[in-house]
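So you can see what is in the structure, the chains are spelled out below.
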Amino acid sequence: MILNESAATQQGPRILLIEDDTLLREVLSLRLRAEGYQLEAAANGRVALDLLDKQGWQPELIITDLLMPEVDGFTVIERVSGTPSLSHLPIIVISSVSKIGERMPALKGKVALYLEKPVKAAEVLEAVTCTLAARPGGRE
Amino acid sequence: MMIIEESRAEVTLPPAIGAPRILVVDDNTDNLLLLETILRGHQFVVETATNGLEALAAVEQNPPSLVLLDVMMPGLDGYEVARRLKANPDLPFVPIILVTAKNDLSDKIHGLEQGADDFLSKPVNTGELLARVRALLRLKGAQDDLQQKHVELSEVNQQLKQSEVLREELVHMITHDLRGPLTGLVGALELMEDHTLGPLTAGQEQFVRLALNNCTTLSNMIGDLLEVYRLESGRSELECEPVNMGALVEQAVSQVAGAAVERRLELRNNIGQDLPLVLADRGKLTRVLSNLLGNAVKYTDSGSITLSAEPWNGRLTPQARGVCPPAARSILVKIVDTGPGIPDDAREHLFEKFFRVRGQQGSKQVVGTGLGLNFCKQVVEAHGGCIWVESGPDGSGSAFHFTLPLYDTE
C-alpha cells in the first residue's frame, strides 16, 4: 500500500473497505484514516471474506464496491446479511452499477446507503458519519 | 368417362426451367392423363397422385405451385385433403382448385370453407382450366413475394434489434467502466487540491484545478449519456417534489458563473424567489438548467446571457409551433444569449441525440457529447413540460424556452 501510514491515532470505529480500484481504495483509506477510523482495506470480496472469517476482528461498518474480480460485492452482502454474527453490520455500497438496475432487488433491506460513482470523498465521509450515527446506540 | 369437353391438339414442348409445378390428384387414371396432357401442353410441370394420402405426402415433401384436386375419391376425399393441407402451418401458400361433378352451391361453399381456393366443374373446359390455374398462380406469385419480403424484413428487424442491444451494452460498458476510474482520479486530485498530501506550488495548484475541471466535464458527459439512455428506456424515475425555481436556478447559475466570468460574459439572473412552485426532480432539473446555461456560455463570444421566468400566458410564438402544447397552468423559463443564433434548418433537429450545429462560418468546434440538449428535452418532457428554441436572423442570439406544469396545491 502506498498511503497506508496515517499519523492519526486510530481509536475511532472500525471500517472494512472493499474496492478493487487501487487509486480509489487508497484515496478513501487515507481520507477515512485521517478522520480517525480504524480501517482495513480489501482489494476484492474474497480478501474481505477472509478478513471477516478471521477471529478477533470485526468491523462496525462495511463499505463495498459491487463489481469486483474473484468475489463480488453482491456475494459479500449475501454472506454478511446471512451470517447471524455479522448481519447487524451496516453496509454502504459505492458502485457504478445503477441503483435502479435489475440486480438491485437482491440488495433490498441489506444496504444502509447506496452511492453511485462518481462520488466525492466528502460524500463518502458524510455517509459514513450518518450511517454510524443511525446505528442502535450510535453516536449523537 | 371423358371429362374433357374440348381439347386442341398441340405440339408438346418441354416445360421451361422454373415452370410452375402442378399436382393433379384424381383416383380415375383416365382423368389424370387428360388433365396432365392439357397442362403439359401448356408448359406446366405435372405431377400426379391417385388418392388423398399420396397427395398429402407429395405436397409435404415438395410443395407444388398449385393442386388440382378431385373431390370424390375413396378414402380421404378432396374436402379433407384441402382441409389438412391448409391446416399445416409449415406449408407455404399452395392454391387448391377442387375439380368436381357436384354443382350444388352448398358443395362449393363447403369446399371453400375447407380451404379450397377455387372450383372447376366437370366436364372441364380447357380454356377455363388454364385461366383459373393462371389466375391462382398470379395470386401465389404475389403471395410468395409478400412472404419473401416479410422474411427479409424480419431479418432486418432482427439485425436492428441486435445492434440496439449491442449499443445499449456499449453505453452500459462505457459508463460503468469510465465512472469507476474517474472516481479515484477525482479523489486523488482533491487530496492534492486540499493539501492533504502537503503544500503545492502555485503552478501545481493551477494544474490540479484545471485537471479537476476536466474531470467535472467528463463526469457530466458520462452523466448525460447514462441519463439519456435511462430516460429513453423508461428506467429513469423522477424523484419529484415541490420546487422553488428561484432557488434551483441559483444553484445552476453558480455552476457556470466561473466560465462566464472567464469569457467576459454578463450573466443576468432575473428569476426571483416569488414564483409559484413546480413539481420537479431537483437534481435533473438543475442539470437541465446548467446544460442550457453551459451551452449559452460556450457558444456566446460576447455580450450577455439572461435568465427569466414567468407564468406562461398560454400563447405559443410561431417558432414554438409543433412542440406539444404546454399545460394551461405552467411556468415558462427563458435563457437568452447574444451568441450566433441557431440556423433555421438546424432548429428542428437541435434536440435530437448526437445532433451538432455545424458548417457555420467562423464558428468554432466546441466539445460535447451531443447529448446535452437531448437530455434537456427528455427531462423536461418527462416532467410534462415542453422545450423549444427561438432564434432570429444570424447574429441575433438564441432564446431557449421550456415550460413546467405548476405544482397544484389542491
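Since the structure is predicted, the reported quantities are computational estimates derived from the model, not experimental observations. (Residues numbered from 1 in each chain as written. Chains lettered and ligands numbered in written order. Predicted model: local features only at pLDDT ≥ 70, side-chain atom pairs only at ≥ 80, totals over all residues. Heavy atoms only, no water.)

J.: So what about the overall build of chain B? Which residues, and what values?
T.: In terms of regular secondary structure, chain B is built from ten helices and 14 strands. Classification of the 410 residues of chain B by burial places 42% in the buried group. Across chain B, the fraction of contacts at a sequence separation of at least 24, relative to all contacts at a separation of at least 6, is 71%. Of the roughly 21,900 Å² of accessible surface on chain B, 54% is carried by carbon and sulfur atoms. (Helix = DSSP H or I, 4+ residues; strand = E, 2+ residues; numbered from the N terminus. Buried < 20%, exposed > 50% of the residue type's maximum accessible area, 1.4 Å probe, protein only. Contact = heavy atoms within 4.5 Å. Areas by Shrake-Rupley, 256 points an atom, 1.4 Å probe, with all protein chains shown as cover.)

J.: Could you give me a rundown of the sheet that holds strand β3 (residues 45-49) of chain B, with the residues and numbers involved?
T.: Residue and element names in this part refer to chain B. Strand order in this open sheet of five strands is β3-β2-β4-β5-β6, and the pairing throughout is parallel. Among the strands making up the open sheet, the edge pair consists of β3 and β6 (118-121). Direction aside, the axes of adjacent strands within the sheet are offset by 20° on average. Those strands touched by helix α1 (residues 29-41) are β2 (21-25), β3 and β4 (66-70), and its axis lies near 165° from that of β3. Helix α5 (residues 126-193) rests against β2, β4, β5 (96-100) and β6 of the sheet, and its axis sits at about 170° to β6. (Pairing = 2+ DSSP bridges. Axes fitted to C-alpha atoms, helices over the stretch in contact; angles between N-to-C directions.)

J.: Lay out the packing of helix α8 (residues 282-299) of chain B against helix α10 (residues 372-382) of chain B in plain terms, naming residues and giving numbers.
T.: All names here are of chain B. For the pair α8 and α10, the least separation of the axes is 9 Å and the interaxial angle reads 145°. Along this stretch, α8 crosses α10, giving a crossing that reads as left-handed. Side by side, α8 and α10 meet where K284, R287, V288, N291, L292 and N295 of the first sit next to G372, L373, F375, C376, V379 and V380 of the second. Taken together, the residues that form the contact of α8 with α10 break down as seven nonpolar, three polar and two charged. (Left-handed = near helix turned anticlockwise from the far one by under 90°. Nonpolar A, V, L, I, M, F, W, Y, C, P; charged D, E, K, R; others polar.)

J.: Can you tell me about the pattern of salt bridges, naming the residues and giving the values?
T.: Residues and elements named next belong to chain B. Across all of its chains, the model carries 28 salt bridges over all chains by this definition. Residues R21 and E47 are paired through a salt bridge, measuring 2.7 Å at the closest nitrogen-oxygen approach. With R21 in strand β2 and E47 in strand β3, this residue pair connects regions lying 26 residues apart in the sequence. With a relative accessible area of 16%, R21 lands in the buried category. What makes E47 partly exposed here is its relative accessible area of 29%. (Salt bridge = Lys/Arg side-chain N within 4 Å of Asp/Glu carboxyl O.)

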